[in-house]
Amino acid sequence: MAIYENKNLEKEQEQIDELIENVIIDETTEHPPEDNDVTEDTERTENPEDTTIETGTTQPPTSETKPEKNEEVKPTYSTPSAVNIDKLKDTNSDTQGWVYLENSNINYPFVHSTGNEYLRKSFYGKKSDAGTIYCYDNQNVTSIENLDKNVVLYGHNMNNGTMFHYVDYLRRNTATLKSGYNKYIYIYTENHIYKYEIFSVYKIEKNENFNQVYFKDDADFVSFCNNLYNRSVYKGVKPDFSDKNIITLATCTSGSSKTHRTALHAVLVEVKENKY
């Protein structure tokens with residue numbers, strides 16, 4: 001087990017918060033639910049393929065905001081109208097875009113990674129326990145004409161509730177998905193904003209096929225997506241996967257990080273211009 005210095009994580013999150021101030025344009029306010037159970041330690045896996053960290057969940061409300069019994073807490077988050085990708089590339093040339101999961105604190109830049117380079121490397125190029133959200137460098141996430149059928153983003157499941165911690169929270173709290181608070185995932189690239197609608201979340205053994213990116217034809221892709229839907233612990237309306245694209249957010253599963261992953265999948269429903 002590896003115990004991480006909270007001060008380092010706090011500093012890195014402060015840097016991300018500064019990025020948000022600098023690159024996000026014209027935000028609109030939304031109101032998400034909050035995950036209130038907390039654990040003390042953060043555990044990471046040793047295998048380079050183990051791309052995330054086993055953790056607890058986000059911090060509870062402060063005494064000033066502590067709710068009455070049975071009262072739902074809805075902290076405020078924002079949906080970016082645009083993200084200035086050029087500014088991000090000035091800081092890190094590996095930048096591919098920005099990921100935001102509606103009504104959550106998943107609001108981060110993501111990069112191309114050669115192998116698992118960004119598992120322990122911050123967006124600013126420093127050694128980091130939290131790492132950076134990334135996809136592998138053979139993935140095409142920017143060109144609408146050649147967009148990969150399944151874009152897979154990897155991120156740590158951090159003890160302090162950051163990075164892709166919220167992905168595993170949704171697996172354990174499917175009522176949050178059913179309520180509609182976390183319906184969409186937004187991907188911002190240099191020219192486009194991709195809007196994906198969540199259709200599946202589940203726990204799976206890490207060596208099982210949840211992150212396939214190449215398919216022999218559309219029928220092969222549709223069969224793969226149907227399997228993803230059938231695995232889900234959350235059952236929404238089943239999409240028509242023919243001639244579609246999906247995104248996958250992958251993280252460690254709390255309590256079984258060495259053997260399992262949590263996967264969240266969403267289908268592309270809208271593309272528009274990223275105007276910044």
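Scroll up a little and you will see the structure.
Residues numbered from 1 in each chain as written. Predicted model: local features only at pLDDT ≥ 70, side-chain atom pairs only at ≥ 80, totals over all residues. Heavy atoms only, no water.

Caption draft 1: Geometry of the overall build of the chain. Helices and strands together make up the secondary structure of the chain, namely 5 helices and 14 strands. The 276 residues of the chain split such that 54% are buried. When contacts within the chain are restricted to residue pairs at least 6 apart in sequence, long-range pairs at least 24 apart make up 69% of them. (Helix = DSSP H or I, 4+ residues; strand = E, 2+ residues; numbered from the N terminus. Buried < 20%, exposed > 50% of the residue type's maximum accessible area, 1.4 Å probe, protein only. Contact = heavy atoms within 4.5 Å.)

Caption draft 2: Highlighting the packing of aromatic side chains. Applying the stated rule across the entire model yields 11 aromatic pairs. Measuring from centroid to centroid gives 5.2 Å for phenylalanine 215 and phenylalanine 224, while their planes differ by 50 degrees, and the two rings are tilted. Considered together, phenylalanine 215 and phenylalanine 224 belong to a single accessibility category, that of buried residues. Among the aromatic side chains, those forming a connected cluster through ring pairs are Tyr100, Tyr184, Tyr186 and Tyr188. Over the aromatic face of phenylalanine 221 sits the side chain of lysine 149, whose NZ or CZ is 4.3 Å from the ring centroid. Lying across the ring of tyrosine 184, lysine 195 places its NZ or CZ 4.1 Å from the centre. (Phe/Tyr/Trp six-rings, centres within 6.5 Å; stacked < 30°, edge-to-face > 60°. Lys NZ or Arg CZ within 6 Å of the ring centre and 35° of its normal.)

Caption draft 3: Structural context of the environment of leucine 147. With respect to the helices and strands, the residue leucine 147 is situated in the loop between β9 (133–136) and β10 (150–154). For leucine 147, a relative accessible area of 10% translates into the label buried. Sequence-distant contacts of leucine 147, that is, excluding residues within four places in its chain, are made with Asn140, Val141, Tyr194, Tyr196, Asn245 and Leu268.

Caption draft 4: Structural context of helix α5 (residues 218–231). In this model, α5 (14 residues) spans 20 Å end to end at C-alpha, consistent with the 20 Å of a helix rising 1.5 Å per residue. Among the residues of α5, those classed as buried are Phe221, Val222, Phe224, Cys225, Leu228 and Tyr229. Seen end-on, α5 carries its buried residues on one side only, within an arc spanning 160 degrees. Turned more than 90 degrees off the buried face of α5, the exposed positions are Ala219 and Asn230. As for α5, its buried residues are in contact with β10, β12 (192–205), β13 (246–252) and β14 (260–273). The N-terminus of α5 is capped by aspartate 217, whose side-chain oxygen sits 3.2 Å from the backbone nitrogen of alanine 219. (Expected span 1.5 Å × (residues − 1). Arc of directions from axis to C-beta. Polar contact = N/O pair within 3.5 Å; in protein donor to acceptor, adjacent residues only side chain to side chain.)

Caption draft 5: Structural context of a negative patch on the surface. Together, Glu10, Glu14, Asp17, Glu18 and Glu21 make up a negatively charged patch on the protein surface. Tracing the chain through its elements places aspartate 17 in helix α1 (residues 6–23). (Patch = residues over 30% accessible without salt bridge, like charges linked within 9 Å, V, L, I, M, F, W, Y side chains within 5 Å. Areas by Shrake-Rupley, 256 points an atom, 1.4 Å probe, with all protein chains shown as cover. Salt bridge = Lys/Arg side-chain N within 4 Å of Asp/Glu carboxyl O. Lys, Arg positive; Asp, Glu negative; His and termini not counted. Charge placed at Lys NZ, Arg CZ, Asp CG, Glu CD.)

Caption draft 6: Inspection of unusual backbone geometry at higher detail. With phi around 55 degrees, asparagine 103 is a residue other than glycine that occupies positive phi space. Position of asparagine 103 among the secondary structure elements: in the loop between β7 (95–101) and β8 (107–113). Asparagine 103 sits in the buried class, given a relative accessible area of 5%. One non-glycine residue, aspartate 243, adopts positive backbone phi at about 60 degrees.

Caption draft 7: Expanded view of helix α3 (residues 165–172). Summarising burial for α3: 7 of the 8 residues are buried, a large majority. Considered for burial, the residues of α3 that qualify are His165, Tyr166, Val167, Asp168, Tyr169, Leu170 and Arg171. Against the buried residues of α3 lie β7, α4 (174–178), β12, β13 and β14.

Caption draft 8: Region of interest: the pairing of β10. Within β10, 5 of the 5 residues are buried, leaving the element largely enclosed by the surrounding structure. Along β10, one buried face is formed by Asn150, Val152 and Tyr154 and the opposite face, lined by Val151 and Leu153, is buried too. Note: β10 against β13, 5 bridges, orientation parallel. Each bridged residue has a counterpart across the sheet, and for asparagine 150 the counterpart in β13 is isoleucine 246. (Pairing = 2+ DSSP bridges.)

Caption draft 9: Highlighting the pattern of salt bridges. Throughout the structure, instances matching the rule amount to 6 salt bridges. A salt bridge links lysine 89 to glutamate 190; its shortest N-O distance comes to 3.2 Å. Taken together, the residues lysine 89 in helix α2 (residues 85–91) and glutamate 190 in the loop between β11 (184–188) and β12 connect sequence positions 101 residues apart. On the basis of relative accessibility, which here comes to 28%, the residue lysine 89 falls in the partly exposed class. Assessed through its relative accessible area of 30%, glutamate 190 is described here as partly exposed. A salt bridge links arginine 171 to aspartate 168; the shortest N-O distance between them is 2.8 Å. Separated by 3 residues within a single helix, arginine 171 and aspartate 168 lie in helix α3, roughly one turn from each other.

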